[in-house]
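Residue strings, one per chain:
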Amino acid sequence: MAKDNVDLICDISELAGLFERSHSLSDFLQSAVSIVAYHMRAAVCSIYLYDEEEETLTLAATQGLKPEAVGNVSLKLGEGIVGAAMRDLKPICEGHGSNNPHFKRIDGIFEEHYEAFLAVPIMLRGAMRVGVLVTQDPQPNYFHQNDVKALRAIASQLAVVIENAKLLMSLHEARQQKTEPPAEVTPALAGVSFLKGTTASSGVVQGTAVVIDGHGYDVLTVAADEDETSYTLEDFTLALQESEEQLTALQKHMEERLGDVASLIFNAHLLILKDMGFSGAMKKLIDQGIPADRAISSVVNDYINLFSKSSNPRLREKVLDVKDLGHRLLRNLQRHGEDHGDYEGQILIAKELLPSDVLKFAAQKVEGIIIVQGSVTSHISILARSLRVPMVFVEKPDILEIPEGTLILIDANQGTVFLDPSEKVLAQYEALIKPEEVPPEVVQPETFTRDGTKITLHCNVNLLSDMEYARQNLAEGVGLYRSEFPFIVRDEFPSEEAQRLIYEKIFAGLPGREVTLRTLDVGGDKKLPYHQHLEEANPFLGLRAIRFSLKNPGIFKQQLRAMLRAGHNKGLRIMFPFISSVDDFLAARDMLEECKRELELEGVPYNPNPDIGPMVELPAAVEIIDELARESDFLSIGTNDLIQYLLAVDRTNESVSSLYVCHHPAVLRSVYRIVNSAINNDVDVCVCGDMALNTEMLKFLIGIGVRKISIDAQHIPRIQKFISGLHTEEARRHARKLLRYGTLREVNRFLAEEEA
Ligand code: PEP
Ligand code: MG
């Protein structure tokens, strides 16, 4: 019987669903081996787990070998094919297992019937040993290269679940330690009625405060219950069950809606919830006469305390998950059946959030988010905008001490946060909070200036869900796909297959259109939680974007191959970010050629001729723009970073945000030089940074000859309207004047006069 194709095997939703139905890690692993054996049509599938201290691998689950062998067969690192695959962190595929020099027959487990042997290491962050996934079959030479790929993709999914389970186990060991008394929390912000912050993602919302990242120890507080209900074990059991059902449904919903970034996103929640040390400890306290709400907060705070003190950074990251879970349990206990345990009607206040946290809270219907650290061009802002969650940054740590339940109104259009707003303020905002159904805006399929010059409007895509808005607002193509999101939000590098599936969905979202896929832009403020990034004093000047890719050719090639394959017979453009020299650009291009040669040899369909171009976002690139243009099929101007690096202003540092100005003469002249060079060298040029969203700047861009921009799709109607009222001659005059000024003061005065 033929094996299932790789896509099917790599479809992680099956594994996610599997975990939800399992009761323990061993239960999960046992189901996983059955599923893998089935899809691979292999007689045997087994998982060995690695013990770092003992340096041994122990059989943890098997389908096909003797069930009694589970837990009783162990191999040293390097011993047998399994041990060798783990030691070298490389798959071993043998047509005849017994021919391999490492082969070691283990008697009494029925292994003698199987010839073909495929062992794939299960590892995290590319090097952390988790275990080995093995398939065996009686038919010699049964496994091929495609099977290796499929098994690797599955192994990377398994790694995440296993690691989360292991983290929990280490927690139980740590629980023996004594806990510290809670820190004093003083009420702050007394008498303060509003705070001025900066908009990260617009919108107006109101809700009650929930502080998710406060300081101190007793972070999960039980809001006083008006009727002083004493919750029982029965209430608790119901709340527990409800929470599990809700999280399972949420996970499923996220897989469907945001499968590109949200795979297994609630995995840690579900694991902790099912952990007897967690819910079991709560039950024990309730049995001792403690009311259920107090029992929940006590155990949750115990976990938070232990997690936050852990030397393991991955465990520290779970603090928020535990608190989030405690919040859900309490809500289900106190408001049983009234809602879905989500954050509906609540405003989340946090010191800082990871991109994956933003996703989780958005999935749980939070109304709005207030962040104390960060800045508007950081990735959590970009994500919040894509998820349509209003978000504001305020530089006032005191807000973390606000009593939970305080009414808050966020005007994220203006960046204002009202604390306990008066009736008058609420009345003023009423229409904005509950806007009447606005009919969808009318957009034309093409955009022209008043005098008939065509301006192509492409869109920027961060999440696959953005494609919905791209279609609605008739984007003419994708000018920038920020491919790092699936990398940033996951717990492990997405495999080539997983990436290919995501890229294919982007092409499918706008059939027949040009799509520009940007290669990985990580580093700077975008760290991969599972990769050992170097400690850098200046990460923004460090191993970022193309530098990271060129330093990690394995990761880079996987991505390029996925792009080439997804772009087969499509309008594919590949863009390299953070190019500082022609040499870097050529090195990236060489890597792409190597990938094409490989795919050709493998007989895999791919796009042999994608357009390639650099993202022009560094001052160095501006200096060598003619040479770059001559090597490229297109140039794309990343004004967000160009401004940051030209003006030496950290785009994620709110305290210097007033210095981050897109109309600085240096920025205007640099952009002009790039566009001029593109025109002279007859190379397509697009502006994909946020500068194009500012209408004064857009007028300038059109005035200097820009005919293609890429913006967030929701801005297309507004920008189209602006362009159709603009005459190119008027734009040219505007640009000429702006380019003459040498000081910001003159530019500011001119723009103010224009506006008047
Ligand atoms: C830019 O730098 O202008 C850009 C569009 O890319 P990002 O915001 O992802 O750095
Ligand atoms: Mg950039």
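The structure under discussion appears in the preceding block.
This structure is a prediction, so every number in the text was calculated from the model and none was measured.

Trainee: Tell me what's going on with the overall build of the protein chain, and back it up with residues and numbers.
Mentor: Each helix and strand counted, the protein chain has 28 helices and 22 strands in total. Counting all 756 residues of the protein chain, 58% fall into the buried class.

Trainee: Outline the environment of Leu-264, listing residues and values.
Mentor: Within the secondary structure, Leu-264 is located in the loop between α6 (233-258) and α7 (267-274). Residue Leu-264 is classed as buried on the basis of its relative accessible area, which comes to 7%. Placed ten residues apart in sequence, Leu-264 and Met-254 show a C-alpha to C-alpha distance of 8.8 Å.

Trainee: Kindly report on the side chain of Lys-708, identifying the contributing residues and their values.
Mentor: For Lys-708, the location among the structural elements is in strand β22 (residues 708-712). Judged by relative accessible area, Lys-708 falls into the buried class, the value being 9%. Within polar-contact distance, the side chain of Lys-708 engages the side chain of Glu-514 at 2.8 Å. For Lys-708, the side chain forms a polar contact with the side chain of Asp-684, separated by 3.2 Å. When neighbours within four sequence positions are excluded, Lys-708 is seen to be in contact with Thr-456, His-458, Glu-514, Arg-573, Asp-684, Val-685, Cys-686 and Val-687.

Trainee: Outline the pattern of salt bridges, listing residues and values.
Mentor: Applying the stated criterion across every chain, the model contains 32 salt bridges. A salt bridge links Lys-104 to Glu-79, with the nearest nitrogen and oxygen atoms 2.5 Å apart. Of this pair, Lys-104 sits in the loop between β4 (92-94) and β5 (116-124) while Glu-79 is found in the loop between β3 (74-76) and α4 (80-88), placing the two residues 25 residues apart along the sequence. Judged by relative accessible area, Lys-104 falls into the partly exposed class, the value being 37%. Residue Glu-79 is classed as partly exposed on the basis of its relative accessible area of 23%. Between Asp-521 and Arg-518 there is a salt bridge, with its nearest N and O atoms 3.7 Å apart. Both residues of the pair, Asp-521 and Arg-518, count as buried. Via salt bridges that share partners, Glu-496, Glu-497, Arg-500, Glu-504, Lys-557, Arg-561, Arg-565, Glu-594, Glu-598 and Glu-602 belong to a single interconnected network.

Trainee: Tell me what's going on with the packing of aromatic side chains, and back it up with residues and numbers.
Mentor: Centre-to-centre distance and the angle between the planes together describe a pair of aromatic rings. Counted by the stated rule, this structure contains ten aromatic pairs. With centroids separated by 5.0 Å and ring planes inclined at 85°, the aromatic side chains of Phe-278 and Tyr-303 adopt a geometry described as edge-to-face. With Phe-278 in helix α8 (residues 276-287) and Tyr-303 in helix α9 (residues 292-309), the pair connects residues that are 25 residues apart, well separated along the chain. Neither residue differs from the other here; Phe-278 and Tyr-303 are each classed as buried. Ring centres 6.2 Å apart and planes at 70° place the aromatic pair Phe-556 and Phe-576 in the edge-to-face group. With a gap of 20 residues between them, Phe-556 in helix α19 (residues 553-566) and Phe-576 in strand β18 (residues 571-576) connect regions that are remote in the sequence. Judged on exposure class, the residue Phe-556 and its partner Phe-576 are both buried. Through a chain of ring-to-ring contacts, the aromatic side chains of Phe-556, Phe-576 and Phe-585 assemble into a single cluster. Positioned above the aromatic ring of Tyr-469 is the side chain of Arg-388, whose terminal nitrogen or guanidinium carbon lies 3.6 Å from the ring centre. Sitting over the ring of Phe-634, Arg-573 keeps its end group 3.9 Å from the ring centre.

Trainee: Tell me about the coordination of the magnesium ion (ligand 2), and please be specific about residues and values.
Mentor: Those protein atoms acting as donors to the magnesium ion (ligand 2) are Glu-617 (OE) and Asp-641 (OD), and they sit at 2.1 to 2.2 Å. Of the two residues, Glu-617 sits in the loop between β19 (611-616) and α21 (619-623) while Asp-641 sits in helix α23 (residues 639-647), which places them 24 residues apart along the sequence. For the residue pair Glu-617 and Asp-641, the accessibility class agrees, reading buried in each case.

Trainee: For the site of ligand 1, give the residues involved together with the corresponding values.
Mentor: Residues in close proximity to ligand 1 total 14 residues, the closest being Arg-482, Arg-518, Gly-638, Asn-640 and Arg-651. Contacts to ligand 1 include Arg-518, whose side-chain N or O atom sits 2.8 Å from an oxygen atom. Here an oxygen atom of ligand 1 and a backbone polar atom of Asn-640 are 2.7 Å apart. Those elements that place two or more of their residues in the shell around ligand 1 are β16 (477-482) and α23. Among the elements that make up the shell around ligand 1, the one with the highest residue count is α23 (three residues).

Trainee: An account of the packing of helix α25 (residues 695-703) against helix α27 (residues 728-740) is requested, with residue identities and associated values reported.
Mentor: Contact geometry of α25 with α27 gives a least axis separation of 7 Å together with a crossing angle of 100°. Classified by the interaxial angle, the pair formed by α25 and α27 is roughly perpendicular. Judged by residue contacts, Glu-696, Met-697, Lys-699, Phe-700, Ile-702 and Gly-703 of α25 engage Thr-728, Glu-730, Ala-731, Arg-732, His-734, Ala-735, Leu-738 and Leu-739 from α27. Grouping the amino acids of the contact of α25 with α27 by side-chain chemistry returns seven nonpolar, three polar and four charged.

Trainee: So what's going on with the sheet that holds β5? Residues and values would help.
Mentor: With respect to topology, six strands assemble into an open sheet ordered β3-β2-β1-β6-β5-β4, the strand pairing being antiparallel. Since the sheet does not close on itself, it has two edges, and those belong to β3 and β4, each with one partner. Sheet twist, expressed as the mean angle between neighbouring strand axes with direction ignored, is 20°. Strand direction decides the pairing type here: strand β1 (residues 44-51) and strand β6 (residues 128-137), joined by six bridges, are antiparallel. Counted as the bridge partner of Ile-47 is Leu-133 from β6.

Trainee: Account for the packing of α8 against α9, with residues named and values stated.
Mentor: Contact pair α8 / α9: the axes reach a minimum separation of 9 Å and the direction vectors enclose 140°. Considered as vectors, α8 and α9 are oriented oblique to each other. Helix-helix and strand crossings are classified by hand; for α8 and α9 the assignment is right-handed. Contacts between α8 and α9 involve Gly-277, Phe-278, Ala-281, Met-282, Leu-285 and Ile-286 on the former and, on the latter, Ala-292, Ala-295, Ile-296, Ser-298, Val-299, Val-300 and Tyr-303. Split by residue class, the contact of α8 with α9 holds eleven nonpolar, two polar and no charged.

About the cut-offs
- Residues numbered from 1 in each chain as written.
- Chains lettered and ligands numbered in written order.
- Predicted model: local features only at pLDDT ≥ 70, side-chain atom pairs only at ≥ 80, totals over all residues.
- Heavy atoms only, no water.
- Helix = DSSP H or I, 4+ residues; strand = E, 2+ residues; numbered from the N terminus.
- Buried < 20%, exposed > 50% of the residue type's maximum accessible area, 1.4 Å probe, protein only.
- Polar contact = N/O pair within 3.5 Å; in protein donor to acceptor, adjacent residues only side chain to side chain.
- Contact = heavy atoms within 4.5 Å.
- Salt bridge = Lys/Arg side-chain N within 4 Å of Asp/Glu carboxyl O.
- Phe/Tyr/Trp six-rings, centres within 6.5 Å; stacked < 30°, edge-to-face > 60°.
- Lys NZ or Arg CZ within 6 Å of the ring centre and 35° of its normal.
- Donors = N, O, S within 2.8 Å, 3.2 Å for Na, K, Ca; no water.
- Near = heavy atom within 4 Å.
- Axes fitted to C-alpha atoms, helices over the stretch in contact; angles between N-to-C directions.
- Parallel < 35°, antiparallel > 145°, perpendicular 65-115°, else oblique.
- Nonpolar A, V, L, I, M, F, W, Y, C, P; charged D, E, K, R; others polar.
- Pairing = 2+ DSSP bridges.
- Left-handed = near helix turned anticlockwise from the far one by under 90°.

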